[in-house]
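# Chain and residue survey
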Amino acid sequence: TAAQREAAAKVDEILAAARNLPMQASYRFEGDGLKFLVVPTRGARGGPGGPGGKGGPSGSMAQIEETRAKISAVADDYGRAVADLLNERESIRQEIGQALQLTKSDSIDRALYASMRVATRQENVRSFSDYRTAVFEPDSHQNSAGCSSTASCSSSRCPCRAVNRRPAGARIRGRAALEVTRTGK
């Protein structure tokens, strides 16, 4: 999900900044939140593994604790986002049950998943309709989008620009077949 990607990016940034500290760190996402582990190596604890980094063993330990606190803050934020998402999902389930007069959770879940599939399908149709028009009906696209030519469209968001990135010698046949012609031998 977007929340996972955002949390992972933040944790990765924190760990990249702490890469020179004598520690090992790992994290993973679970259903209820972000789990992480930050363990100082022997060098950070003042053992025979090394000098303990900048400022001696106590300086490294302070930096490692600071890193742990930063990751903990990201984990807390992610946990709140997951809780909000679960709460919202539950309220939607309750509203579906009331609107459709359903009492069994299996029936409510089926209705929820069916509506999610329909919404996703409609979004996909809207997302790709301009692209389909530009690829399969270029004359129609030129008229409706104000595109002067599929070879030199001026709009950076125009889907016909993707058409122009076809491999050399490629041409569209029918509605769904792309045939690449070979040149040479």
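These notes cover the structure that comes with them. All of these numbers come straight from a predicted model, not from anything done at the bench.

Moving on to the packing of aromatic side chains. What the rule picks out here adds up to 2 aromatic pairs. Note on F29 and Y78: the rings are 5.0 Å apart at their centroids and 70° apart in plane angle, and the pair reads as edge-to-face. Of the two residues, F29 is situated in strand β1 (residues 23-30) and Y78 in helix α2 (residues 56-100); the sequence distance between them amounts to 49 residues. A relative accessible area of 25% places F29 in the partly exposed class. Assessed through its relative accessible area of 6%, Y78 is described here as buried.

With that settled, consider the side chain of D109. Structurally, the position occupied by D109 is in helix α3 (residues 105-136). A polar contact of 2.6 Å, which involves the side chain of D109, links it to the side chain of R93. The residues touching D109, leaving out its near neighbours within four places in the chain, are R89 and R93.

With that settled, consider the pairing of strand β2 (residues 33-40). Of the strand pairs in this sheet, β1 and β2 are connected by 8 bridges, and their pairing is antiparallel. Bridge pairing in β2 links Q24 to V39.

What follows concerns unusual backbone geometry. The phi dihedral of Q101 falls on the positive side, at around 55°, and the residue is not glycine. Mapped onto the elements, Q101 comes out in the loop between α2 and α3. According to the relative accessible area criterion, Q101 is exposed, its value standing at 72%.

Cut-offs used in this document
- Residues numbered from 1 in each chain as written.
- Predicted model: local features only at pLDDT ≥ 70, side-chain atom pairs only at ≥ 80, totals over all residues.
- Heavy atoms only, no water.
- Phe/Tyr/Trp six-rings, centres within 6.5 Å; stacked < 30°, edge-to-face > 60°.
- Helix = DSSP H or I, 4+ residues; strand = E, 2+ residues; numbered from the N terminus.
- Buried < 20%, exposed > 50% of the residue type's maximum accessible area, 1.4 Å probe, protein only.
- Polar contact = N/O pair within 3.5 Å; in protein donor to acceptor, adjacent residues only side chain to side chain.
- Contact = heavy atoms within 4.5 Å.
- Pairing = 2+ DSSP bridges.

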